[in-house]
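Results of the structural survey
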Protein chains: 2
Amino acid sequence: MNKQANHSPELVEKAVHTIQMLAVDGVEKAKSGHPGTPMALAGIAFEIFTRHLRYDPLDPAWPDRDRFILSCGHASMLLYSMLHLAGYDLPMEQLKQFRQFGSRTPGHPESHLTPGVETTTGPLGQGIAAAVGIASSIRMLGARFNQVAPVSTARVFGIASDGDLMEGVSAEAASLAGHLKLDNLIFFYDDNKITIDGKTDLAFSEDVGRRYEAYGWHVQRIDGHNQEQIREALDEAVTLEGRPKLIIARTHIGIGSPNKQDTAKAHGEPLGEEEVKLTKQAIGWPLEPTFLVPDEVRAIFKQRAEQGKLAHDAWKKEVDKLQKAGGEKAALYERLMKRAVPENLLEELVKVAPAKDAATRAHSGVIEQRVAALVPSLVGGSADLNPSTKTYIEDSPAVVAGKFGGRNIHFGIREHAMGAFVNGVASSDGFIPFGSTFLIFSDYMRASIRIAALTHLQSLFVFTHDSIYLGEDGPTHQPVEQLWALRLIPNLDVVRPCDALECAGAWAHALGRKDGPTAFALTRQKVANIPREEGFDPKVMLRGAYTLADAKEPTLVIVATGSEVEVAVAAKKILDADGQRVRVVSALCWEQFRREDESYRDEVLPKGVQRVVLEVGVTYPWLAVVGEQGLVIGHDDFGSSAPDKVLQKEFGFTPEAVAERIRKHIAGERTAPVAKKKSESAAAKKSESAAPAAKKSEGASAAKKSEGAAPKKRKS
Amino acid sequence: MNKQANHSPELVEKAVHTIQMLAVDGVEKAKSGHPGTPMALAGIAFEIFTRHLRYDPLDPAWPDRDRFILSCGHASMLLYSMLHLAGYDLPMEQLKQFRQFGSRTPGHPESHLTPGVETTTGPLGQGIAAAVGIASSIRMLGARFNQVAPVSTARVFGIASDGDLMEGVSAEAASLAGHLKLDNLIFFYDDNKITIDGKTDLAFSEDVGRRYEAYGWHVQRIDGHNQEQIREALDEAVTLEGRPKLIIARTHIGIGSPNKQDTAKAHGEPLGEEEVKLTKQAIGWPLEPTFLVPDEVRAIFKQRAEQGKLAHDAWKKEVDKLQKAGGEKAALYERLMKRAVPENLLEELVKVAPAKDAATRAHSGVIEQRVAALVPSLVGGSADLNPSTKTYIEDSPAVVAGKFGGRNIHFGIREHAMGAFVNGVASSDGFIPFGSTFLIFSDYMRASIRIAALTHLQSLFVFTHDSIYLGEDGPTHQPVEQLWALRLIPNLDVVRPCDALECAGAWAHALGRKDGPTAFALTRQKVANIPREEGFDPKVMLRGAYTLADAKEPTLVIVATGSEVEVAVAAKKILDADGQRVRVVSALCWEQFRREDESYRDEVLPKGVQRVVLEVGVTYPWLAVVGEQGLVIGHDDFGSSAPDKVLQKEFGFTPEAVAERIRKHIAGERTAPVAKKKSESAAAKKSESAAPAAKKSEGASAAKKSEGAAPKKRKS
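Starting from 1, residues in each chain are numbered consecutively following that chain's sequence as written. Throughout, the order in which chains and ligands are written sets their labels, letters from A for the former and numbers from 1 for the latter. Only residues with pLDDT of at least 70 get local features here, since the model is predicted, and only at 80 or more are side-chain atom pairs given and counted; chain-wide, interface and lining totals rely on the full set of residues. Only hydrogens and water are removed before side-chain values are computed, so all heavy atoms of the structure are retained for them.

With that out of the way, let us pick up the sheet that holds strand β18 (residues 582-587) of chain A. All names here are of chain A. In this scheme, strands are said to pair when DSSP sees at least two bridges between them. Secondary structure elements follow DSSP: runs of H or I no shorter than four residues count as helices, runs of E no shorter than two count as strands, and numbering proceeds from the N terminus. If you trace the five strands from one edge of the open sheet to the other, you get β16-β18-β17-β19-β20, paired in mixed fashion. A strand with exactly one partner marks an edge of an open sheet, and here the two such strands are β16 (545-549) and β20 (631-633). This sheet shows a mean twist of 25° between the axes of neighbouring strands, independent of strand direction. As paired elements, strand β17 (residues 556-560) and strand β19 (residues 610-614) share five bridges and run parallel to each other. Directly across from V559, in β19, lies its bridge partner V613. Whether two residues are in contact is decided by their heavy atoms, any of which lying within 4.5 Å being enough. Lines fitted to the C-alpha atoms define the axes, with helices restricted to the stretch that makes contact. Angles between their N-to-C directions range from 0 to 180 degrees. Packed on one face of the sheet, helix α20 (residues 563-578) meets β16, β17, β18 and β19 and runs near 175° to β18.

Let us look at the pairing of strand β14 (residues 518-521) of chain B. Each regular strand displays side chains that alternate between the two surfaces of the sheet. Residue and element names in this part refer to chain B. A two-sided burial pattern is seen for β14, the buried positions comprising T518 and F520 on one face and A519 and A521 on the other. In this sheet, β14 lies alongside strand β13 (residues 493-495) in parallel orientation, the contact comprising three bridges. Within β14, the position partnered with V495 by the bridge is F520. With strands facing away from the observer, any crossover in which the path from the first strand over the helix to the second runs clockwise is taken as right-handed. Crossover handedness for the path β13 to helix α19 (residues 500-512) to β14: right-handed. Exposure is judged per residue with a 1.4 Å probe applied to protein chains only, and the accessible area is read against the type maximum: over 50% gives exposed, under 20% gives buried, and values in between give partly exposed.

Turning our eyes to something else, we now look at the nonpolar core. To define a nonpolar core, start from buried Ala, Val, Leu, Ile, Met, Phe, Trp, Tyr and Cys residues and group those joined through side-chain atoms within 4.5 Å. Core analysis: the largest hydrophobic core is formed by 168 residues, its most contacted members being W507(A), W590(A), W507(B) and W590(B). Setting aside residues up to four positions removed in sequence, W507(B) forms contacts with L349(B), S364(B), I367(B), E368(B), V371(B), L378(B), L460(B), V462(B) and F520(B). One finds L180(A), L322(A), V425(B) and A452(B) within the second-largest nonpolar core, a separate group that totals 154 residues.

All names here are of chain A. UniProt positions are given in the numbering used here, feature names are shortened, and annotations may be inferred rather than shown by experiment. Mapped onto the present numbering, the UniProt feature "binding site: Mg(2+)" (unreviewed entry) falls at D162, N192 and I194. A compact arrangement is adopted by the annotated residues: their sequence extent is 33 residues, whereas the largest C-alpha distance between any two is 8.3 Å. Summarising the element assignment, D162 is placed in helix α6 (residues 162-166). Along the polypeptide, I194 turns up in strand β4 (residues 194-195). Judged by relative accessible area, which is 7%, I194 ranks as buried. Sequence-distant contacts of I194, defined by excluding residues within four places in its chain, comprise D162, K199, T200, I253, D262, T263 and A264.

Turning our eyes to something else, we now look at the packing of helix α20 (residues 563-578) of chain B against helix α25 (residues 655-666) of chain B. Residues and elements named next belong to chain B. The geometry of α20 relative to α25 is characterised by a closest axis approach of 8 Å and an angle of 55° between their N-to-C directions. One finds that α20 runs oblique with respect to α25. Crossing of α20 over α25 shows right-handed handedness. Residues V567, A570, A571, I574, L575 and D578 of α20 form the contact with α25, whose participating residues are P655, E656, V658, A659, I662 and R663. Oblique is the label for any angle not covered by the other classes, which are roughly parallel (under 35 degrees), roughly antiparallel (over 145) and roughly perpendicular (65 to 115). Left-handed describes a crossing whose near helix is turned anticlockwise from the far helix through less than a right angle; right-handed describes the clockwise counterpart.

Residues and elements named next belong to chain A. Averaged over all residues, the pLDDT of chain A is 93; the fraction at 70 or higher stands at 93%. Every residue gets a pLDDT, meaning the predictor's confidence in that residue, from 0 to 100. Here residues 670-716 is modelled with pLDDT under 50, and outside its nearest four sequence neighbours on either side it reaches 116 contacts, counting other chains as well. Across the whole predicted complex the pTM is 0.94, and at the interface the ipTM reaches 0.94.

Moving on: the UniProt feature "site: Important for catalytic activity" (unreviewed entry) in chain A. Summarizing the sequence annotation, UniProt attributes the feature "site: Important for catalytic activity" (unreviewed entry) to H34(A) and H267(A) in the numbering used throughout. Taken together, the annotated residues stretch across 234 residues yet fold into one region, lying no more than 5.4 Å apart by C-alpha. With respect to the helices and strands, the residue H34(A) is situated in the loop between α1 (9-30) and α2 (36-52). With a relative accessible area of 11%, H34(A) lands in the buried category. Residues in contact with H34(A), not counting those within four places in the same chain, are V27(A), H74(A), R99(A), H267(A), G268(A) and D473(B). A distance of 3.4 Å separates the side chain of H34(A) from the backbone oxygen of H74(A), its partner in a polar contact. Take H267(A): it is sitting in the loop between β7 (245-250) and α10 (273-283). The exposure class assigned to H267(A) is buried, which follows from its relative accessible area of 13%. Residue contacts for H267(A): discarding those within four places in its chain leaves G33(A), H34(A), P35(A), G36(A), T37(A), H74(A), I196(A) and I253(A). Side-chain atoms alone can form a polar contact between residues adjacent in sequence; in general such a contact is a pair of N or O atoms within 3.5 Å, and within protein one must be able to donate a hydrogen while the other accepts it.

Dropping the structure here:
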């Protein structure tokens, strides 16, 4: 339905002015926002929405709608104005509530909040990178069904700014899009030569077009204010096959504003009452009423919405055809569109939990294969670490250019783009996506993980090599603060299974969680499968933390996670022999446990019973569980390059050492007098920097380390 | 000193084999590591070290040494082998201790640990991005003195892998390097067509050379195993001016290994005893002894070291000339090389602390100007946010291509490259660098911040817009977990000043901290300057936390940070009126406070006196201070787009609301029954997800929010 409503140049100009002035009035009323870019992009947005974009405002969730992604989210008033005109459930009242508490028109677009907003943008580069994931998911759905009936044929249109293209995440994503030859991806680059600091050439003088050609994109260059050129470029872009397309549109920020056009002043603040007046006069627009939408302009979008409705109906017929055809395809389509997960998933996964001792990354890999069999929506890949993260779906090929039928995606060494890509797939239809890498590299993709959490996306992030025990790769690769740094992101769950059974629990937790992302933390090294007590009900794992090994009227509770649970159980045996009665609590997902009702939490962690926490990472937040004077056995310093068993011994994390540290703590002794003496050494300094926690939790081991790998003082 | 020792092809081959086999033997002995890449790059490294690299192994800190950066840090055995042969203090014993506890040869190179290692690499892309900072700092030093005497003329040579060039951080940095026309930057791209998953074309099919040309780099393409081609390419690269240079070297990973060459198996694991044997036989190398270095090969490097010594001596003469010339230049040079900071810096900064109420970003900007006047080493810039972060050094121009005399750097919208660039400058000589952006975007550069902390670099990260109070930009830009996520990074200090005076304290803290990075958290919104009590000694601010407003025999201590201190002081007045005796403790730098001795900590936070913490961010780690049942008034959910005063009211952070929440807590009441009822709403769910902390800390406000901006449920 690219049929072109050929409107008169006068009417088009009036429509463009309408969009521009809605943005200007919205920003002015909010006394906050970005007017210049919506003004500059109005003409482009108009052509996209009225000549190409296929949408049905009455059903924003229509799976085969074309997508529009405003990667420069700060220009949000452009998007809100377009969605309002297009007929989405975004009444004028909302445009007047721009940037106000409780409105659906926040400063930057949030996809969970506003109908028609496809993905959350604002942090630059995230939009265009997510768009690569969205375009891919459309292709992946199409590859499964279009031969029977063309049910997934949508295109992704978008606009990116200088900032979007300067960000590394967009560079990673653009390279991947070129590699996958995503010809359903069409982006405009708003080349306005202006940034917050002034002219872009203060810092940006590369040849963007040539760079995108190097990525394998088709590149056009146009005047972004010449409707004819915009139309021609779009017509070529939508027809040309085999490559993603970039249209470099030279624009003028704040166009029409006599005093602010082409200046940074038009970027991030209202034009100001006087300048608004001058601007409206300059373009011949009535000063009153504000938020004016001429009827003939409304009519254009009404007509477009009707075309969209027709396309939507035609699509429904194709879906009927698919369903009537019946068989596997029809069943698969239904399951995909529901992102169906079997009720008894946990039960099914527990059955395949390997009985042998192995790394939790290996257990997870085995269980993931079963998940893939039971949940056809599961797709994903790694950032070039398949042999390490064990996430490759075995009975399916990888997605390659032109062949999107596979369930595996080779993201390349591009963690940040992987995160945004996964979010894009999660915000589309049909799939539950995962991305995998080492836990340390969650730092490379943190901005995307946060957007998944903010936007309630079911994005799965599978992180392996989850502690210093990855060993010889050393401190640059050994996570110590990452577990807690992730747990602190609102609405993100971190699951750190201790053995095969808990890997089943972890996957069941993540697949059951529809309104937010889950991050897995899995070991590189082998861990023991821990025997459960008689009558153990696997469902208890879904409560986040539970009693794994108990004692009658416990005198001490050790809370441990992941690879440390095995150690806690061994330490329990030693301490029980002392006459203690130790309970070991495995905390698979602390966020979930904190969501449980108080009675369950008190049942697992009885008030008044002494607690110790064991996790080989930073200790401070765990003090919440044991109190400021309590004992957290962890590691408040960077790791060291050595075999994992050596690290366990050197840092004092063997069952014997752990039991001894607990004994000493109970006896009220300090375990780290050493650390004080060594305050010369940087390592010791760091160990003290974690005081008081560190003093009790790892002083001695850190001091030992300071003897070992004490960093040389720098020249300074 | 690019004079070419013309060695016979046979001798060169023997030297290359020596390097290759040292790496092979080192990995084999460690039973862990990456042999294939060192084997492939040995020929290139040999030509760099013996024909161009200017170094004096007896003084690894010689400021004008050429730098060698191995961006693909996993090939560390190549670097260690080269440093050993070059004569650095890295004896054979250390090569035999590769990847063992306490050695100077960890899995990935760490610059604070090993002489001759210029920057810490391993996390891909960090090395080449830091190299851009190093090359710039050499130019910046040269621009200040070379006209008097050429004291800063060094070049930066390096090698990057596929992974380095796929990472966004390297794309950002390469674009910036091209923009700055850094012709003292010469990198090889190890184009071996192999990654962990297999062939690079699984995910990487772009035209790298063309991309770098688009960035403005000079690009050559060679056979990486043809010494003649390597020499010619290097000769051209070192002579060509006006552009950074990329030499794309087609190599064969694991070259010489009969069964593993050109396979992923040569990448990340030892060749194995049998394959080592076959390889040594294939290249005609004795099986015994291992770690063999023929005398004639040692002789080559001995000769090179002597040339280096001569160059070093010649440089010393230039420095003498500079010093003899005397005057400002000589004085400046001395201060820069010492990175001199006045003893009385705090005193000086306190003098200029503005008396008027303003945003701490504004106060910080004023104080930074004074720092710049007193500390000539201070240089830096922002990621295109100068008008917002207020960090531009006013009396100095910006660095531009060909003109490096300025102290300001326009990083562009490239936070990650900015972080790595800052680290590069900090690991060079002369400068104390800062990079600034919004606190939320610390997520974009977290991997670089971590390397600064691990490597003990004095990198300064100035983050503004440090809470939900940035207001209308909304949740995508409002940090809530970032403060604690940063505090958890070992050896990173976070300073969050409450007013002008504490901004002086923050800068004094950061400038005084030579062995690690400091992150500033500054407000966008105006805050009040808080009157200090009689006889207040500013030095107390350097202890991290101190009593700001006191009461006789306090019954309650409120610990607050940054913009919340003003609110705590106002709440104190209300509660004092109730008959409470409230002390307010301002926690400018919690990490520092935890390093203070116990007696000071007990003096500020007396045992047995009830505590409350107030910080508008995630609450959980603060429970360490107040105990699991204690009260932390914070925000465990994403923010909302609205003016800051509205958010303060809606979320219950006004002095009155805070006082009321404290009253209720003291009365032992629960403040958030509401939140439970609303468990349907995602917002409320999230507010519960922070339970128990949340229930007490922000339930009511979150519930209020859930009425306001309750996110629509997704289709799923």
